[in-house]
Amino acid sequence: MNSISISRRKFAQLLSAGAACAVVKPALSLAKSAPEVKSQPASPLTRIVRLSSNENPYGPSPHALKAMTDSFNVACRYPDEAAALLSEKLATLNSVNANQILLGDGSGEILKLCADTFTGAQRKLVAGDPTFEAILQHATVNGAEVVKVPLTDHFAHDLSKMGAVANAGLVYICNPNNPTASFTPKNELTDFISKTSPQTIILVDEAYFHYADNPDYDSVIPLVKDYPNLIVARTFSKIYGMAGLRCGYAVAQSQAIAQLRSHQSWDSVNIMAVAAATASLSDPDQVTNGRRLNQETRTFVTTQLDAMDYKYIPSQANFVMIDVKRPVLPLIKALKERNVEVGRLFPALPTHMRLTIGKKAEMEAFLSAFHQVLA
Ligand SMILES: Cc1ncc(COP(=O)(O)O)c(C=O)c1O
């Protein structure tokens, strides 16, 4: 994998050499590029209020930004040592061994690896409806039948119906679920996992774990030790604000991790993303601040929606699914014409709009455009 092998200690030394370099010569990297950036025409991203992809508007931790700057001088190296360091940190954080962690190029890669490894012509994918569709597409390409099971009236996964599907290779449970921002209670999930045949793999996608605070919600990572067929996906794209950097991971027993790894490209996670993710984990404020800001702004928005008499699904995430009481597609289009991007259509809920919680000013811009398009 890595033609020039460097030890982990050496990697840390290289990073600190990079740090020293950044202190001595800031003009080289930062000052030179700043005027160029200013002279560019305004990026379309700066004009558009982007509330469509459940990104974290506050961005990465300052620790992550510094770690990336410090890692410029190891950009010429393969990421092996840096990836091993991050895996060790994640293993400690999740009380597992490092061989129970697999890093991915975003958790999207973990989802794809699960579809590639555990679905096929004779092995169906079972998923909620609606849910995050990426894995449905991967399983279909892999020749698998996809069975969509509607969520319950409370927008939880209907686990008894999902468990009743024959020849399931993989059951995908997104918790909290995208696009509904709802959750499946821990006790129901625990019971489901204990009853599922070991031949069927259960993938629990916890991309929005950090935003959930309902007492009946919890991660299933502690169950991994008891179930060889349980895989949990996590990401640095949401609370850690690193969607553009691409880093996610799986937690599972070592055998399942080895199976996934055998389908993965070598060195698929880049060294800057790994450095940023590693540094984020040692920033105690990133998660608490992200959670607090999201909650405050989400409450601001839902209070306005209450006043307008619009119902929404109670949210355990950084987005909210609003019942707009009419087909949502024309509204999505009308908002886009006013430079406000909201989530795409989810066919199972054609009168619901998925709205990402951005900064307060962005939500004010949304509310103003929303009032206009409804008028
Ligand atoms: C539920 C869920 N899982 C996975 C992903 C993929 O995230 P990433 O590949 O950025 O880690 C997303 C992205 O929005 C998501 O909503």
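All chains use their own residue numbering, which begins from 1 and follows the written sequence. In view of the model being predicted, local features appear only for residues whose pLDDT reaches at least 70, and side-chain atom pairs are presented and counted only at 80 or more, with totals across whole chains, interfaces and linings using the full set of residues.

Participant: Quick question: what am I supposed to make of the site of the ligand here?
Facilitator: The environment of the ligand is formed by 13 residues, the closest being Gly106, Ser107, Gly108, Thr235 and Ser237. All amino acids are sorted into three groups, where Ala, Val, Leu, Ile, Met, Phe, Trp, Tyr, Cys and Pro are nonpolar, Asp, Glu, Lys and Arg are charged, and the leftover types, Gly among them, are polar. In terms of residue class, the shell around the ligand is built from four nonpolar, eight polar and one charged. Put plainly, near means the residue's C-beta atom, positioned from the backbone, lies within 6 Å of the molecule or strand in question.

Participant: What is the right way to look at the pairing of strand S11 (residues 352-356) in this model?
Facilitator: It is a general feature of regular strands that their side chains alternate between the two faces of the sheet. Taking burial as the measure, the five residues of S11 include five buried ones, the bulk of the element. Three exposure classes are used. Buried residues have 20 or more other C-beta atoms within 10 Å of their own C-beta, exposed residues have 12 or fewer, and partly exposed residues fall in between, all C-beta atoms being placed from the backbone. Numbering of helices and strands runs from the N terminus; a helix is a DSSP stretch of H or I covering at least four residues, while a strand is a stretch of E covering at least two. Covered by surrounding structure in S11 are His352, Arg354 and Thr356 together with Met353 and Leu355, the residues of both alternating faces. Judged from the five bridges that link them, strand S9 (residues 319-323) and S11 form a sheet pairing that is antiparallel. In the strand pairing of S11, Phe319 is matched with Thr356. Between any two strands, at least two bridges found by DSSP are needed for them to pair.

Participant: How do you make sense of unusual backbone geometry when you look at a structure like this?
Facilitator: Glycine aside, a negative phi is what most residues show, and trans is what most peptide bonds show. Each neighbour pair has its own omega, and for Asp129 with Pro130 the value is 0°, a cis peptide bond. Mapping Pro130 onto the fold places it in the loop between strand S3 (124-129) and helix H8 (134-141). Residue Pro179 follows Asn178 across a cis peptide bond; omega there is 20°. Looking at the secondary structure, you find Pro179 in the loop between strand S5 (168-174) and helix H10 (186-195). The phi dihedral of Lys325 is positive, around 60°, even though this residue is not glycine. The phi angle at Asn339 is positive, at roughly 65°, despite the residue not being glycine. One can find Asn339 in the loop between helix H14 (328-337) and strand S10 (340-342).

Participant: Explanation requested: the packing of helix H5 (residues 62-70) against helix H12 (residues 271-281) in the structure shown.
Facilitator: If you want to describe how two helices pack, look at the angle between their axes and the distance between the axes. Here H5 crosses H12 at 145°, and the two axes come no closer than 7 Å. Viewed along their axes, H5 and H12 form a crossing whose handedness is right-handed. Contact residues: His63, Ala64, Lys66, Ala67 and Met68 in H5; Met272, Ala275, Ala276, Thr278, Ala279 and Ser280 in H12. Here the contact of H5 with H12 is built from residues that sort into seven nonpolar, three polar and one charged. Axes here mean lines fitted to C-alpha atoms, for a helix over just the part in contact, with angles spanning 0 to 180 degrees between N-to-C directions. With the far helix as reference, a near helix turned anticlockwise by less than a right angle produces a left-handed crossing, and one turned clockwise produces a right-handed crossing. The contact rule is simple: place each C-beta atom from the backbone, and if two of them lie within 7 Å, those residues are in contact.

Participant: Explain helix H11 (residues 254-262) here, please?
Facilitator: Side chains that are three or four residues apart share a direction in an α-helix, a result of its 3.6 residues per turn. Within H11, burial applies to Ala256, Ile257 and Leu260. Along the axis of H11, the buried positions cluster into a sector of 100°, meaning they face one direction only. Turned more than 90 degrees away from the buried face of H11 sit Gln255, Ala258 and Ser262, all of them exposed. On its buried face, H11 is in contact with strand S2 (101-104), helix H7 (107-118), strand S7 (230-235) and strand S8 (248-251). Of all possible arcs, the one meant is that of the directions from the helix axis to the C-beta atoms.

Participant: What is the right way to read the sheet that holds S5 from this model?
Facilitator: Sheet strands associate in pairs through backbone hydrogen bonding, adopting either a parallel or an antiparallel arrangement. The strand order S2-S8-S7-S6-S5-S3-S4 describes an open sheet built from seven strands, whose pairing is mixed. The open sheet has two free edges, formed respectively by S2 and strand S4 (146-150), since each of these has just one partner strand. Each strand axis lies, on average, 20° off the axis of its neighbour in the sheet, ignoring direction. Here five bridges tie S5 to strand S6 (residues 201-205), and the two strands are oriented parallel to one another.

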